[in-house]
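# Results of the structural survey
Here are the chains, one letter per residue:
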Amino acid sequence: MGDVLAGIHATWEFESDALVIRFERGIRTPRLFQALRERRVPYEALSAAVLAPGRRGTVVLHAVPRPGVDPLMEAAAGQLKETCDPYRLALPADREELAARLRDELAAVIPAGPSDPLDPLDPLDPVDRWDSGFLVAAPQGPISFKAYDGKATFDGTSEVSFRWSSTMATSEKWKTGDQVFPVRELSGVEWRTPDSPGGFLRLLPRGGAPRPERPDHDPAAVVFGLGYGPVHDSLPFAAAVLAAMRAKDRAPVPAGVRSAAHGDPGAIAERIRHLGELHRAGLVTDEEFAAKKTELLAEL
């Protein structure tokens, strides 16, 4: 395509196979955008392009990502404010005509989506994305941030560690000591925005062993507070860990093996586990989860 669209806080460049988003640096630019700097989004990672009125004499071009293609949006699980959504470009209203043309061009190059977004054999299905990795790159490590009760560090590939604060961590965490989590032993990441009370980052170990309900008592979680674990630090961290987990789990599966997986209890249990993770992340509704789980159980 070759077009460039400069908006408020970001510039979109339309390449032949991807949308490249470059974020501005400045005191008015959301700090999350400054932390992300640049993102390359293949057109196959998008499901739609929408142009709508914005605030105070602006229009907003929204490139809607498919579920399961971007670790940042997976970790955010719908909690980002619209002004911090990296897929929304605000423009002065006098650029609406240009934005409408580029919206149409973008929509024309977005591949058609799957007929059934929960079909585990569909190549664009978010469950399959767990096996094939993300289409949009996560922030690169090493990366760390200060939480209210400790410091979280990720080496960028294989290990996450929590070092507890001597004054803010609960006695339950001090009793267990500083924690180290190999990425291969994790099944998920749960992030709750620090923009609301009760924010935290929790690592979900494999095996589903019982854990404390309160994150301030859970040695696999760090809690946020005023000035601790801000979105621009903790969300890219969560996304990087999530991407590393999927990279560790990723393994090519021949088409014949996929077909043979129908009726295999182990394969079905694994697909149900993946579906449960999407459900907990808010990407699948209660009704969709129940219906698909029933369908999978019927294959046994």
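Now for a description of the structure that goes with this document.

What counts and how
Residues numbered from 1 in each chain as written. Predicted model: local features only at pLDDT ≥ 70, side-chain atom pairs only at ≥ 80, totals over all residues. Heavy atoms only, no water. Pairing = 2+ DSSP bridges. Helix = DSSP H or I, 4+ residues; strand = E, 2+ residues; numbered from the N terminus. Axes fitted to C-alpha atoms, helices over the stretch in contact; angles between N-to-C directions. Polar contact = N/O pair within 3.5 Å; in protein donor to acceptor, adjacent residues only side chain to side chain. Buried < 20%, exposed > 50% of the residue type's maximum accessible area, 1.4 Å probe, protein only. Contact = heavy atoms within 4.5 Å.

### Quick word on the sheet that holds strand β9 (residues 150–154)
Read across the sheet, four strands follow the order β8-β9-β10-β11 without closing on themselves; strand pairing throughout is antiparallel. The outermost strands of the open sheet, each flanked by one partner alone, are β8 (143–146) and β11 (179–182). Sheet twist, expressed as the average angle between the axes of neighbouring strands with direction ignored, equals 10°. Bridge count between β8 and β9: four bridges; the pairing is antiparallel. Counted as the bridge partner of S144 is T153 from β9.

### Here we look at the environment of D104
Looking at where D104 falls in the secondary structure, it is placed in helix α3 (residues 96–109). Taking the C-alpha atoms as reference points, D104 and V50, separated by 54 residues in sequence, lie 9.0 Å from one another. Here the side chain of D104 touches R103 through a polar contact of 3.1 Å, side chain to side chain.

### A short note on the side chain of H62
Structurally, the position occupied by H62 is in strand β6 (residues 58–65). By relative accessible area, H62 is classed as buried at 18%. Ignoring sequence-local partners within four residues, the contact set of H62 consists of A48, A49, V50, D85, Y87 and R88.

### Observations concerning the sheet that holds strand β1 (residues 4–6)
A sheet is described by the order of its strands in space; here four strands give the open sequence β1-β2-β3-β4, paired in antiparallel fashion. In the strand order of this sheet, the two ends are held by β1 and β4 (38–42), each with one partner. This sheet shows a mean twist of 15° between the axes of neighbouring strands, independent of strand direction. Looking at chain direction, strand β2 (residues 10–14) and strand β3 (residues 18–23) are connected through five bridges and run antiparallel. Within the sheet, the bridge partner assigned to W12 lies in β3 and is I21.

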